[in-house]
Amino acid sequence: MTSPLVLIIDDNALNVQLLSFLLAAHGYEIRSATSVAEAEASLAEVIPHVILVDVCMPGPDGLTLVRRLKADPRTKEIPVVVVTASAMKGDDVRAREAGCDDYVTKPVDTRALPGRIAELLKK
Amino acid sequence: MSSSVLIVDDSLTVRMDLGDAFQAAGFSPTLASTVAEAKRALEQRPYALVIIDVMLPDGDGLDLLREVKTSWPSTPVMLLSAEAEVAARLRGLRTGADEYVGKPYDMSYVLARARQLIRLVSPRGENGSQILIVDDSLTFREQLRETLEGAGYSVLLSESGEEALHMAVDARPAAIVVDGILPGIDGPTFIRRVREDALLRRTPCILLTASEGKGEVFALDSGADAYMQKDASAELVLARIGAVLRPRSGAQSSSHNASLHGPKKILAVDDSMTYLQEIGAQLRRDGYDVVLASSGEEALALLAGSEVDCILLDVLMPGLSGYETCRRIKNDPRWRDVPLIMHTARDEQGSMIDGINAGADDYVTKSADFQVLRARLRAQLRRRQFEDESRDLRESQLQKELEAAESRAQRELADTRAQLLSELQDKNSALLTAQTHLEQQNLRVQAASRLKSEFLANMSHELRSPLNAILGFAELLYDGHVKPESPQHKEFLGHILTSGKHLLQLINDVLDLSKVEAGKIELRPETVDPARIIGEVVAVLRATAAQTRNTLSTDLDPSIDRIVVDAARLKQIIYNYVSNALKFTPAGGHVTVRLKPDGEANLCLEVEDTGIGISPSDIDKLFVEFQQLDTGTTRKFAGTGLGLAVTKRIVEAHGGRVGVRSVVGEGSTFYAILPRVTLESAT
């Protein structure tokens, strides 16, 4: 059995490094992007098993990408987890409305995140 | 233009008599002897006046009266009737007759009433002034008439003073020319009568004299306005009349009834028909219209139907006695003021007292000689006129006072209203201002509240980002995912340190801002060399400039070597501007710190870069706390987003101001104007 592929999208290099290291340690294969444009280029090459995406990024934001993914028949089945520092009232509702499958706020709980991703992959 | 009069009477004598008289008086009469003839005449042309006999061979005069009043409601109608028919007189007046004249009639009264009625309906058209000529010589009258009419006057002619008085009352001429010598009352007497009359007394009178010399004295004695010899030339006559008319123009007129010489109606009441006839004949000779009643009851009925000017009342009568009739008349407010003369054969003091007690105004003993009665009658009529005049005066005085009071009240009301209105307007406008002010304040409060919410969201976001790295990497290390000897172990510890420092910087900025916001900033001004301060900051930031591969230089005016300022705050200002410039300037760019004078008292600190520049629409948001430009830009150039807001507050606390000049794609210049000498702490 090959390792599941995770696409991590975040403009902050430290965040990308943190999530990459964490998930690699749990047996995932990692691809990363620092903008929506980079992510779309990656998706054109390979379809990941799960996507983690930040919201606030230069250019189109993470929620815009989620809406595009869910509108595209080629990508709509991919589970998407929104990982964001925007944790105010209403931010989660906006994320769910955009079509994400899970919503995680920063600071990320590194002990729980791998389990939540595994759950999504089981469905 | 003469007035047309229709005379309807079956008696040829009466028709001819009235016809001739009306013709002579300047009317144009049409005669009819039956109802049928009268109707034919009425169909052919309108009439200014219709005179109808009550008893006509082919119909009732009252029916004809009704028809005339239906078809020509404004045409006055005078009824003629034999005097005994009291009931017919009442019926006639109730049917709508304007006048009821008993036969035998007094011609001058009929003519006078005719003129009155016509004038009441159609006021005289003014074609120049009207002049009344009074002279018994037909030749002279005609001659003078020609002269005056040729000059544009209209002329009235009379051959006696008595007739002329009546005519003057009716026509109210602009001037009267009267001969000194006349049958009956003479010229001077005529003029005196005119002067006694309230209505006529202002009418200019010219007295004609035959003789020279005495003329003027004679004329002035009589009250004439001018005198003229009968043989004067036409030019002189016209000049005289022109002269008397000039100052008199605009002479006032008063009500017709105020005239002593207007036709007066006397009600005579006596149970003796013979005596009644005699009184009637005597009084008609004086020009009165006399209405006869043979009992107290009839007299009261007549009074209800028409107005009279005086009442002669017999004491001894069957039915209602003279005293009782008198009492009833004097108790009725409608007739209370009509002069009443008790008239009896009993010559005793007791009955006189009874009469006066019953309310009579005078008491006359019956006598074959009517001189006393006539004189008393004149006196009563005159007294009545004086009373009317003085009442009119009182009324007009009261009216004037009332009007003055009313106008005063209205003026006060208008003033009060205007004042209230103005107060209301002021209050409204104040209210409106207050409302506008409140609305603006509300908008500001809402905007501030929105900014606070945005700030909290931003702060939450900004704190969570470094915490994510700190907690995440710490967990990885703690949980043993990273071997202590691996190079990543140290790298991750470095990430924790960097993020921790960023978090500290964030907290310091927020604290700074809140301190400045609350006005708690404390300035410690000291004399410093600005070049030294700038040099220190530039030294610290040179490493950052090297990282971003930008050059950092200074351009300082050497004349500014001493300023009084809080040195730590000045460093903060320079640090914020320069680190901002380095952040937004792509690799290979230049950042210059410049210091130069700004007027006598100020200096200008500038930081110029060759960075990305700021669009004009964003310039206003730059120094506003918690406002961020495009989110993408902020993320890309991470920072607390509070630096410029803090800088602005610090500069303002020093009494200075901040600003920026920028061109997108070319670069920006941020500046701070500061006073060379900062006063002791601004708190």
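Residues numbered from 1 in each chain as written. Chains lettered and ligands numbered in written order. Predicted model: local features only at pLDDT ≥ 70, side-chain atom pairs only at ≥ 80, totals over all residues.

**Student:** Can you help me understand the overall build of chain B in this one?
**Tutor:** The helix and strand inventory of chain B stands at 21 helices and 24 strands. Relative to its full complement of 683 residues, chain B shows a buried share of 35%. The contacts of chain B with a sequence gap of at least 6 include a subset with a gap of at least 24, amounting to 66%. (Helix = DSSP H or I, 4+ residues; strand = E, 2+ residues; numbered from the N terminus. Buried ≥ 20, exposed ≤ 12 C-beta atoms within 10 Å, placed from the backbone. Contact = placed C-beta atoms within 7 Å.)

**Student:** Would you explain the sheet that holds strand β11 (residues 205-209) of chain B in this entry?
**Tutor:** For sheets, the rule is that strands pair by backbone hydrogen bonds, running either parallel or antiparallel. Residue and element names in this part refer to chain B. Across the sheet, which stays open at both edges, the 5 strands sit in the order β9-β8-β10-β11-β12 with parallel pairing between neighbours. In this open sheet, the two edge strands, each paired with only one partner strand, are β9 (154-158) and β12 (226-229). Looking at each pair of strands side by side, their axes are set apart by 20 degrees on average, direction ignored. Pairing geometry for strand β8 (residues 130-134) and β9, over 5 bridges, is parallel. Of the residues in β9, the one forming a bridge with Gln 130 is Ser 154. Contacting β8, β9 and β10 (175-179), helix α6 (residues 138-150) crosses the sheet at an angle of about 165 degrees to β9. Contacts from helix α8 (residues 187-196) reach β8, β10 and β11 within the one sheet, and its direction differs from that of β10 by about 150 degrees. (Pairing = 2+ DSSP bridges. Axes fitted to C-alpha atoms, helices over the stretch in contact; angles between N-to-C directions.)

**Student:** Sorry if this is basic, but what is going on with the interface of chain B and chain A here?
**Tutor:** Taken residue by residue, the interface counts 19 residues in chain B and 21 residues in chain A. Looking at the side of chain B that touches chain A, the elements that each hand over two or more residues are α15 (371-478) and α20 (631-636) of chain B. Examining the composition of the side of chain B that touches chain A, we find that 13 residues originate from one element, α15(B), more than from any other. Class assignment of the residues belonging to the side of chain B that touches chain A gives a composition of 6 nonpolar, 9 polar and 4 charged. (Nonpolar A, V, L, I, M, F, W, Y, C, P; charged D, E, K, R; others polar.)

**Student:** Could you clarify how one ought to interpret the sheet that holds strand β2 (residues 29-33) of chain A in this entry?
**Tutor:** Residues and elements named next belong to chain A. Spatially, 5 strands are ordered β2-β1-β3-β4-β5 in an open sheet, and the strand pairing comes out parallel. Both outer strands of the open sheet, β2 and β5 (102-105), are each paired with one neighbouring strand and no more. Taken pair by pair, the neighbouring strands of this sheet meet at an average axis angle of 20 degrees, ignoring direction. Summarising the sheet, strand β1 (residues 5-9) and β2 pair through 5 bridges and their orientation is parallel. Across the sheet, residue Leu 7 finds its bridge partner in β2, namely Arg 31. Its contacts with the sheet place helix α3 (residues 62-71) against β1, β3 (50-53) and β4 (80-84), and it is angled at close to 175 degrees to β4.

**Student:** Even after reading the chapter, I still don't get the environment of Val93(A), so can you show me in this structure?
**Tutor:** Considering the arrangement of structural elements, one finds Val93(A) in helix α4 (residues 91-98). Spatially, the C-alpha atoms of Val93(A) and Tyr103(A) are 9.6 Å apart, while their sequence positions differ by 10 residues.

**Student:** What is the right way to read the packing of helix α17 (residues 530-547) of chain B against helix α18 (residues 567-583) of chain B from this model?
**Tutor:** A packed helix pair is summarised by two numbers, namely the angle formed by the two axes and the spacing between the axes. All names here are of chain B. Two elements in contact, α17 and α18, have axes whose closest approach is 9 Å; the angle formed by their N-to-C orientations is 30 degrees. Taken together, α17 and α18 sit at an angle that is classed as roughly parallel. In the crossing of α17 with α18, the sense of the turn from one axis to the other is right-handed. Counted together, Ile 533, Ile 534, Glu 536, Val 537, Leu 541, Thr 544 and Ala 545 of α17 and Ala 567, Leu 570, Lys 571, Ile 574, Tyr 575, Val 578, Ser 579 and Leu 582 of α18 form the full contact between these two elements. Residues that form the contact of α17 with α18 fall into these classes: 11 nonpolar, 2 polar and 2 charged. (Parallel < 35°, antiparallel > 145°, perpendicular 65-115°, else oblique. Left-handed = near helix turned anticlockwise from the far one by under 90°.)

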